[in-house]
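# Structure assessment
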Amino acid sequence: MKKTLTILLIALCCMTCVFAQAVVETSEKTDVKIVSLGPNVTEIIYALGAGDQLVGRTDYCNYPEQVYSVASIGTLWEPNLEAILALDADIAIASSIVDPSFIESLNKAGITAYQFYEEESLEGTYSLIEKVADVIGKQAEAQAVIADMKARINNVVEKTSKIAQDARKSVIYMISYGDWGDFAATGDTYLDGVIKAAGAVNGAESGAYWSISRELLFAQDPSTIILSAYSYSDPAADIAAFIATEPYSQLTASKTGNVYTIDGDAAERQGVRTADTIEELAKLLYPELF
């Protein structure tokens, strides 16, 4: 059985997506103190050139490296209100994981808090970046970041467009698997767009809410299984464990050795590294095109 932090994140994501909303007000200040309540938000803030305004981040914000010098305010699902107040922050920005009631608590305490949810599509990634940019006054920087991402993604799409539809590899990105259930990048997630942009067919497309049934997994029997690799994991050991675990050992991908890992942090954090993931996945699947 593979059980990771991701299971909890997915569960919380499903619970909060209905309530995650915010009214965006553009800030023109360049000295606002920001608390990030999500790793993807932290990465966006740095990419927009506002990293020096970040005064608080979660335990799981680990990219870019300089974020380690920023004070942590706790976990994604249990941020510490007192710790945030002690930082004298002006605004806080969260993605879908944080309980919406905590956002209300921040607002009541005098910190303008925002919560954004753009999980459904690859296009939503750009919208997420724009929304974060709007509240910290970095709109021009956001458009530059987005333009660069789109150019890189379009370059991949142009290369993979040469692949005939019946020659495209069938992929299932397994978020987690085992006794706790099978979780994958289903058709209602932004990772569906990532997989397709990389020139592959998403075998979990008909699943929903990051969950895939065992029946669907084996009915699709994809040519390639993708697993997540994190800074604390051993990719080779994770691949070996998947291939050796029943019934996953019976999948064609396991039998043919087509089980791979990609950077899980970059892939599962919708944001500025989404283009990195598309490039990484496409090069892994179709190295002859790059």
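Scroll up to find the structure.
The text that follows walks through the structure, step by step, so that each part is easy to find. (Residues numbered from 1 in each chain as written. Predicted model: local features only at pLDDT ≥ 70, side-chain atom pairs only at ≥ 80, totals over all residues. Heavy atoms only, no water.)

### Digging into the packing of helix H6 (residues 139–160) against helix H12 (residues 274–285)
Packing of H6 against H12 brings their axes to within 9 Å, and their N-to-C directions diverge by 15°. Relative to H12, H6 is oriented roughly parallel. For the pair H6 and H12, the sense of crossing is left-handed. Here H6 contributes Met149, Arg152, Ile153 and Val156 to the contact with H12, which in turn contributes Thr274, Ala275, Asp276, Ile278, Glu279 and Ala282. (Axes fitted to C-alpha atoms, helices over the stretch in contact; angles between N-to-C directions. Helix = DSSP H or I, 4+ residues; strand = E, 2+ residues; numbered from the N terminus. Parallel < 35°, antiparallel > 145°, perpendicular 65-115°, else oblique. Left-handed = near helix turned anticlockwise from the far one by under 90°. Contact = heavy atoms within 4.5 Å.)

### Regarding helix H5 (residues 123–136)
Along its 14 residues, H5 runs 21 Å from first to last C-alpha, staying within 8% of the 20 Å computed at 1.5 Å per residue. Considered for burial, the residues of H5 that qualify are Gly124, Thr125, Tyr126, Leu128, Ile129, Val132, Ala133, Val135 and Ile136. (Expected span 1.5 Å × (residues − 1). Buried < 20%, exposed > 50% of the residue type's maximum accessible area, 1.4 Å probe, protein only.)

### Looking at the nonpolar core
Counting 54 residues, the largest nonpolar core has Ile34, Leu48, Ile93, Ile129, Val132, Ile136 and Tyr173 as the members making the most contacts within it. Looking at this core, the elements that each hand over two or more residues are helix H2 (39–47), strand S4 (91–94), H5, H6, strand S6 (170–176), helix H7 (190–197) and H12. Ranked by the residues each element gives to this core, the list is headed by H5, at seven residues. Those residues in contact with Ile34 that sit more than four places away from it in its chain are Ile45, Gln53, Leu54, Val55, Gly56, Ile91, Ile93 and Ile136. The next biggest cluster of nonpolar side chains, apart from the first, holds 16 residues, and it includes Ala204, Ile212, Phe242 and Ala253. (Core = buried A, V, L, I, M, F, W, Y, C linked by side-chain atoms within 4.5 Å.)

### Observations concerning the pattern of salt bridges
For the structure shown, the criterion picks out twelve salt bridges. As a salt-bridge pair, Arg152 and Asp148 come within 3.9 Å of each other at their nearest N and O atoms. One end of the pair is Arg152 and the other is Asp148, both in helix H6 and four residues apart, which spans about a single turn. Exposure remark for Arg152: the relative accessible area of 23% places this residue in the partly exposed category. The partner of Asp263 in a salt bridge is Arg273, with the nearest N and O atoms 3.8 Å apart. Remark: Arg273 occurs in the loop between helix H11 (264–268) and H12 and Asp263 occurs in strand S10 (residues 259–263); sequence separation between them is ten residues. Residue class for Asp263 comes out partly exposed when judged on its relative accessible area of 29%. For Arg273, a relative accessible area of 8% corresponds to the buried category. (Salt bridge = Lys/Arg side-chain N within 4 Å of Asp/Glu carboxyl O.)

### As for the sheet that holds S4
Spatially, five strands are ordered S3-S2-S1-S4-S5 in an open sheet, and the strand pairing comes out parallel. The outermost strands of the open sheet, each flanked by one partner alone, are strand S3 (71–72) and strand S5 (112–115). The pairing of strand S1 (residues 34–37) with S4 spans four bridges and is parallel. Bridge pairing in S4 links Ile34 to Ile91. With respect to the sheet, helix H4 (residues 100–108) is in contact with S1, S4 and S5, its orientation differing from that of S5 by roughly 160°. Across the face of the sheet, H5 comes into contact with S1, S4 and S5 while running at roughly 175° to S4. (Pairing = 2+ DSSP bridges.)

### What to know about the packing of aromatic side chains
Under the counting rule described, the total for this entry stands at seven aromatic pairs. Here the aromatic rings of Tyr114 and Phe116 are separated by 6.2 Å at their centres, their planes lie at 25°, and the arrangement is stacked. A relative accessible area of 4% means that Phe116 is categorised as buried. Consider the rings of Tyr230 and Tyr232, whose centres lie 5.3 Å apart with planes at 10°: the pair is stacked. For Tyr230, a relative accessible area of 11% puts it in the buried group. Here Tyr232 falls in the exposed class, since its relative accessible area comes to 60%. Site record: aromatic cluster; members linked through ring pairs are Tyr177, Phe242 and Tyr248. Against the face of Tyr126 rests Lys150, its NZ or CZ located 4.8 Å from the ring centre. (Phe/Tyr/Trp six-rings, centres within 6.5 Å; stacked < 30°, edge-to-face > 60°. Lys NZ or Arg CZ within 6 Å of the ring centre and 35° of its normal.)

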